[in-house]
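Close look at the chain arrangement
This is what each chain is made of:
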Amino acid sequence: MMSCSRLRIPDSMRGATRYFKRAKVPPTATRFSSSSAPVPPPPEGKSSKFMIVVNNEDFRVETAVLNKLTDNTPPGSLRMMTVVGAGDTTLTSLMHPAVGHVTGLDMSPAQLHLVQLKLATAVSDLTTGQAMGFLTRGDNGRNILRNHLAQHMPEETAEFFLSDELDQDIYHGVLRKHNDNPFNLSIRKYFEETHSLFLSQFATMTMAERQQLFQVMEDPQSVVDLAAIMEPAFKNAPWFQALPVEMQEYLVPSGSDGVSIVEIAIKASLNGACNALRDVDRGLLPADELYTDVFLTGTLKTLPPWLTPAGRDILRNKAGLFDTICGKMEDVEFNIEAPFDLLTLSNSYDFVTAEVATESVKGLAGKCLAPNGQIIIRRACGQAQEILTAAGGVCAPGDDLHLLDVCPLFYRNKNTVACASFS
């Protein structure tokens, strides 16, 4: 039977245990008992456990970089590290034929449990319909978790999802619309309550309604209105309050003079979504596209690569080539005898200044990147290429990776995604 992937956490977080055991869930096991809740919890409300459940980045960027690296490497020879987030890019990268090992890193144990749940779903014996029903609606949730998924999970991941705290996600689906990222949730609510425009009905909107939608998206007042809604919500979120004070101040300045990163991200999301929907309107982007679907409805309609039949078949053979580490990437001690050929760091540097980002990239390139290895970063507030260059990287001339990213937060914006090699 296929071995499950490993989740590694610092010794300071779990005594001397660094690897999770594989879960064993006999029918009578009380430690994995079903919830004691007398009635199912309501589906409304976002789980505080997960910051995001679908990545804000387009896995086609990483795939394009891996395709280029394949020209000079044999199959299965590349080692890759990803910042996990919601895990979609991580699992899609693991599928690539050139990749022989992926290490997923995140500061949040919950996000690492989420990617393990997605991987377990992908390699399980569930049909595609059953898998989608479980993830997006919670169909037969506890039974599927206990009898089809737990055997493919690290033990702590099974315990995490079978705990009463996760009842809402298991009963109603961890990828349900109420668990969408805070930007999408707030944008949809704002358009509904302020402008009577329902994004989930975009496909049936009249031309006049679509033009009204585009005008509101392009109106600077919409950014101001949404910032007034979202900044207090961010400050009250458990994941935000757990951040260092200086990072909280950078994201949402307490004074009236500074522009918050939240406001910049709102503007980027609205601009990107407007451009994406205009391209759908013109027939330049498919009407059913994963990231557009999530932005409009809050949940999956289009299968992500890791949940397609072909993707699942690949992952069943490669699940043992994946492990995870919980911690801050600058603080983690990596195995210098097995450096990485590619690091993809998501939009981690949206949360710090360009100067701090540059020093972080320098440090990572020096301690865990193989010679001529590459680093991909995204930054909704721009300067992605400048940061990599200042850190000593060389960006390929004419690199058009941004054209591959159709996620609204980064939609084909040249300043938000870049890749560089480091000698």
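As a reminder, the structure under discussion sits directly above these lines.
Attention in this report is confined to the structure presented alongside it. Since the model is a prediction, treat every value here as computed from it, not as a measurement.

Looking only at helices and strands, the protein has 17 helices and eight strands in total. Considering the protein as a whole, with its 423 residues, one finds that 56% of them fall into the buried category. Partitioning the intrachain contacts of the protein with sequence separation of at least 6 by distance along the chain shows that 75% fall at a separation of at least 24. Total accessible area on the protein stands at roughly 18,000 Å², and carbon and sulfur atoms take up 54% of it.

A few words now on the packing of helix α3 (residues 109-123) against helix α15 (residues 309-318). Packing of α3 against α15 leaves a shortest axis separation of 8 Å and a crossing angle of 105 degrees. Judged on the interaxial angle alone, α15 and α3 are roughly perpendicular. Two secondary-structure elements touch here, α3 through Leu119, Thr121, Ala122 and Val123 and α15 through Arg312, Leu315 and Arg316. Residue composition of the contact of α3 with α15, grouped by class: four nonpolar, one polar and two charged.

The calculated volume of the largest pocket comes to roughly 1,200 Å³. If you go around the largest pocket, you meet 47 residues; those closest to its centre are Met51, Asp106, Met107, Leu243 and Phe351. Among the elements of the structure, β3 (99-106), α3, α8 (182-195), α11 (238-241), α12 (245-251) and α13 (261-281) are those that each provide at least two residues to the lining of the largest pocket. Considering only residue class, the lining of the largest pocket consists of 29 nonpolar, eleven polar and seven charged.

Moving on, we get to empty space enclosed by the protein. The final tally for this structure, using the stated rule, is three cavities of 30 Å³ or more. Lining the largest cavity are 14 residues, with Asn56, Asn181, Asn184, Cys407 and Pro408 sitting closest to its centre. Those elements giving two or more residues to the lining of the largest cavity turn out to be α8 and α14 (290-297). Per-element accounting of the lining of the largest cavity gives the leading share, three residues, to α14. Its residues placed into classes, the lining of the largest cavity shows eight nonpolar, five polar and one charged. By volume, the second largest cavity is sized at about 70 Å³. As for the second largest cavity, its lining consists of Gln385, Cys395, Asp399, Leu401, His402, Lys414, Val417, Ala418 and Cys419. The leading source of residues in the lining of the second largest cavity is strand β8 (residues 417-422), at three residues. Looking at the lining of the second largest cavity residue by residue, the class counts come to five nonpolar, two polar and two charged.

With that settled, the discussion passes to the packing of aromatic side chains. Overall, the coordinates contain six aromatic pairs when judged by the stated rule. Arranged with centres 5.7 Å apart and planes meeting at 85 degrees, the rings of tyrosine 190 and phenylalanine 191 form a pair that is edge-to-face. Exposure class is identical for tyrosine 190 and phenylalanine 191. Each is buried. Site record: aromatic cluster; members linked through ring pairs are Phe50, Phe160 and Phe161. Lying across the ring of phenylalanine 202, arginine 210 places its NZ or CZ 4.0 Å from the centre.

Grouped together as the largest cluster of nonpolar side chains are 105 residues, with contacts concentrated most on Leu117 and Met217. Counting residues per element, this core draws most heavily on α13, at eleven residues. Those residues in contact with methionine 217 that sit more than four places away from it in its chain are Phe191, Leu199, Leu270, Ala273, Cys274, Leu277 and Phe295. Leu343, Val352, Leu369 and Cys395 belong to the second-largest nonpolar core, a separate cluster that totals 29 residues.

In this section: the side chain of serine 269. As for its placement among the helices and strands, serine 269 is situated in helix α13. When residues no more than four places from it in sequence are discounted, the contact partners of serine 269 are Phe183, Ile187, Pro408 and Leu409.

Right, let's get into the pattern of salt bridges. With the rule as written, the count across this model stands at 17 salt bridges. One salt bridge connects aspartate 167 with arginine 142, and the closest N-O pair in it is separated by 2.4 Å. Residue aspartate 167 is located in helix α7 (residues 167-172), and its partner arginine 142 is located in helix α5 (residues 141-149); the two are separated by 25 residues in the primary sequence. For aspartate 405, the salt bridge is made with arginine 378, and the minimal N-O distance between the two is 3.2 Å. Of the two residues, aspartate 405 sits in the loop between β7 (394-395) and β8 while arginine 378 sits in strand β6 (residues 369-378), which places them 27 residues apart along the sequence. A relative accessible area of 0% places arginine 378 in the buried class.

Cut-offs applied
Residues numbered from 1 in each chain as written. Predicted model: local features only at pLDDT ≥ 70, side-chain atom pairs only at ≥ 80, totals over all residues. Heavy atoms only, no water. Helix = DSSP H or I, 4+ residues; strand = E, 2+ residues; numbered from the N terminus. Buried < 20%, exposed > 50% of the residue type's maximum accessible area, 1.4 Å probe, protein only. Contact = heavy atoms within 4.5 Å. Areas by Shrake-Rupley, 256 points an atom, 1.4 Å probe, with all protein chains shown as cover. Axes fitted to C-alpha atoms, helices over the stretch in contact; angles between N-to-C directions. Parallel < 35°, antiparallel > 145°, perpendicular 65-115°, else oblique. Nonpolar A, V, L, I, M, F, W, Y, C, P; charged D, E, K, R; others polar. 1 Å grid on protein atoms, 1.4 Å probe; cavity = no way out; pocket = protein on both sides within 12 Å on 5 of 7 lines; lining within 4 Å. Points joined across faces, edges and corners; volume = space filled by probe spheres on them. Phe/Tyr/Trp six-rings, centres within 6.5 Å; stacked < 30°, edge-to-face > 60°. Lys NZ or Arg CZ within 6 Å of the ring centre and 35° of its normal. Core = buried A, V, L, I, M, F, W, Y, C linked by side-chain atoms within 4.5 Å. Salt bridge = Lys/Arg side-chain N within 4 Å of Asp/Glu carboxyl O.

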